[in-house]
Amino acid sequence: MYIKFLYRLAKLKRYLIEGNIYQTEGVVMGALDGIRVLDLSRVLAGPWCGQILADLGAEVIKIERPKYGDDTRAWGPPWMKNDQGEDSHEAAYYQSTNRNKQSVAIDISTVEGQALVHSLIKDTDVLIENYKTDSLKKYNLDYESLSQINPRLVYCSITGFGQTGPRAEEPGYDFIIQGMGGLMSVTGEKDSLPGGGPQKLGIAFSDITTGLYATVAIQAALLNRHISGLGQYIDMALLDVQVATLANQGMNYLASGKVPTRYGNAHANIVPYQVFKASDRDFIIACGNDKQFAQLCDAIGLADLPQDPRFSSNAQRIKYRTEVTTLLAAHFATRTADEWVSAIQTAKVPVGLINNLEQAFKEPQVKARNMLIDMQHPESKNLTLIGSPIKMSRTPVEYRQAPPTLGQHTDEILSRIASQEELAKLRKNNIIG
């Protein structure tokens, strides 16, 4: 009976939302408005997930260690510049993944700190943590303990290797996972070329993608909770995600039995789909099919090239990869990258320059999409951050809170569950900060 009631309630809420009845005049609600998250995670994968949920409107309370906080607060330089142009104590790394959160400093290794989390969990929808397997059990902050307090809790654990298997208890870092999960075996130049060999990506790929998958899983669990009335445990592993995101390269191996190798800036399944060097700088061409190849050749003055039997189809171009790319490379070396990009864009073939980060942020398209935002920080009135890529028509992302200073919201949040006298005592005993 209770489940049926929740299901009808969910349908009513959906009806109210679709009818815009939830909209208050002059007030825009986030898609996850009303959802409360306790973020006990540190570094990147968990905080990345928490930031996405926060951008979508959830109230995300970041639980940090007093005095020290998230590890990445100290991962500088570079540091945020304060209003005087001096280095602050806020690392750029930390600021990349903690927007729209509130910071509460609690020592969860103490009985008093655990009691505070237990009180907060009563009205919490989601908990995110990335401690080593079973580490939080000794603090009574594991799923089994907290779900008894709040059966509707969605509890997301993020680890390197997951909660089961022979390596479950080991710490897992993105770099290790990129290697173990096969990504580095298909990234980098061929061994026979200068600088060849396995290469990690320039960003923490498995951390970021695990944060994204965790966000999807959490929202699915919340949606299911509308029907079942119950939360659940989510076990996310960086290695699982890395293997899952091998995508076509993984299936190439499973289909053929042939271990994929590194192609550098080329593509395993499509030719030409790679970097070429013009007379002044590098640029990228991505021909997705034979029609685009013909359009490319016409645009660059090699209209007869697709008539060559060696290059007439993508399968043939893969077979004669060296021949066609050598021919194109010599041709592209005769003019500037801007000239080639302009001509190829006219032919509607995917093409683009290779930008450094300064050039990328100055791209007109990046500016038009509002991918750089300014927020006010306690130490900097004009803090520039990278914005969210999520664009929603009725419940847009809002930028409410710059990455918080350590313990910035401790009193504000904990005053919901404790008196000022109790908070003062807890602070005196270094339980909170």
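Residues numbered from 1 in each chain as written. Predicted model: local features only at pLDDT ≥ 70, side-chain atom pairs only at ≥ 80, totals over all residues. Heavy atoms only, no water.

Three or four residues apart is the spacing at which side chains of an α-helix point the same way, because the helix has 3.6 residues per turn. Among the residues of helix H4 (residues 111-121), Gly113, Gln114, Leu116, Val117, Leu120 and Ile121 are the ones counted as buried. For H4, the arc enclosing every buried residue in end-on projection is 155 degrees, short of the 170-degree limit, so these residues lie on one face. If you follow the buried residues of H4, they end up packed against strand E1 (36-39), strand E2 (59-64), strand E6 (126-129), helix H5 (143-149), helix H16 (410-414) and helix H17 (420-428). (Buried < 20%, exposed > 50% of the residue type's maximum accessible area, 1.4 Å probe, protein only. Helix = DSSP H or I, 4+ residues; strand = E, 2+ residues; numbered from the N terminus. Arc of directions from axis to C-beta. Contact = heavy atoms within 4.5 Å.)

A separate point is the environment of Arg42. Relative to the elements of secondary structure, Arg42 occurs in the loop between E1 and helix H2 (45-55). Owing to a relative accessible area of 25%, Arg42 belongs among the partly exposed residues under this scheme. Remark: the alpha-carbon pair of Arg42 and Leu146, spanning 104 residues in sequence, is separated by 20 Å. Dropping the residues within four chain positions of it, Arg42 is found in contact with Pro47, Asp70, Asp71, Asn130 and Tyr131.

Bringing the nonpolar core into the picture now. Val37, Leu53, Val126, Ile128, Ile158 and Ile218 are the most contacted members of the largest nonpolar core, which has 27 residues in total. When residues of this core are traced back to their parent elements, those giving at least two are H2, E6, strand E7 (154-159), helix H7 (205-228), strand E8 (233-237) and helix H8 (238-244). If we skip the residues at most four places from it in the chain, Val37 touches Leu53, Ala58, Glu59, Val60, Ile61, Thr124, Val126 and Ile128. Grouped together as the second largest cluster of nonpolar side chains are 26 residues, Leu40, Leu127, Ala418 and Ile431 included. (Core = buried A, V, L, I, M, F, W, Y, C linked by side-chain atoms within 4.5 Å.)

Here we come to a nonpolar patch on the surface. Taken together, the side chains of Met251, Tyr253, Leu254 and Val259 present a nonpolar region at the surface, about 440 Å² in accessible area. Its location among the elements puts Val259 in the loop between helix H9 (247-256) and strand E9 (273-277). Relative accessible area serves as the criterion here: at 57%, Val259 is assigned to the exposed category. (Patch = residues over 30% accessible without salt bridge, like charges linked within 9 Å, V, L, I, M, F, W, Y side chains within 5 Å. Areas by Shrake-Rupley, 256 points an atom, 1.4 Å probe, with all protein chains shown as cover. Salt bridge = Lys/Arg side-chain N within 4 Å of Asp/Glu carboxyl O.)

In spatial order, the strands read E9-E10-E11; together these 3 strands make up an open sheet with antiparallel pairing. Sheet topology places E9 and strand E11 (351-353) at the edges, where each strand pairs with a single neighbour. Recorded for the sheet is a direction-independent mean angle of 25 degrees between the axes of neighbouring strands. Summarising the sheet, E9 and strand E10 (residues 282-286) pair through 5 bridges and their orientation is antiparallel. Residue pairing across strands places Lys277 opposite Asp282, the latter belonging to E10. (Pairing = 2+ DSSP bridges. Axes fitted to C-alpha atoms, helices over the stretch in contact; angles between N-to-C directions.)

Under the counting rule described, the total for this entry stands at 7 aromatic pairs. Feature note: the residues Phe276, Phe283, Phe332 and Trp340 constitute an aromatic cluster, connected by ring pairs. A cation over a ring is seen here: Lys200 above Phe175, with NZ or CZ 5.9 Å from the ring centre. Against the face of Phe293 rests Arg317, its NZ or CZ located 4.1 Å from the ring centre. (Phe/Tyr/Trp six-rings, centres within 6.5 Å; stacked < 30°, edge-to-face > 60°. Lys NZ or Arg CZ within 6 Å of the ring centre and 35° of its normal.)

For the structure shown, the criterion picks out 17 salt bridges. The shortest N-O distance in the salt bridge between Asp70 and Lys62 comes to 2.9 Å. Judged by relative accessible area, which is 0%, Lys62 ranks as buried. Among the charged side chains, a salt-bridge network with shared partners connects Arg36, Glu59 and Arg416.

This paragraph deals with unusual backbone geometry. Pro77 follows Gly76 through a cis peptide bond whose omega is 5 degrees. With respect to the helices and strands, the residue Pro77 is situated in the loop between E2 and strand E3 (79-81). Note the cis peptide between Pro77 and Pro78, where omega equals 5 degrees. As for its placement among the helices and strands, Pro78 is situated in the loop between E2 and E3. A positive phi angle, close to 75 degrees, is found at Lys67, a residue other than glycine. Take Lys67: its relative accessible area is 67%, and that puts it in the exposed class. Its identity is not glycine, yet Asn100 carries a phi of approximately 65 degrees, on the positive side. Along the chain, Asn100 turns up in the loop between helix H3 (92-95) and strand E5 (101-105).

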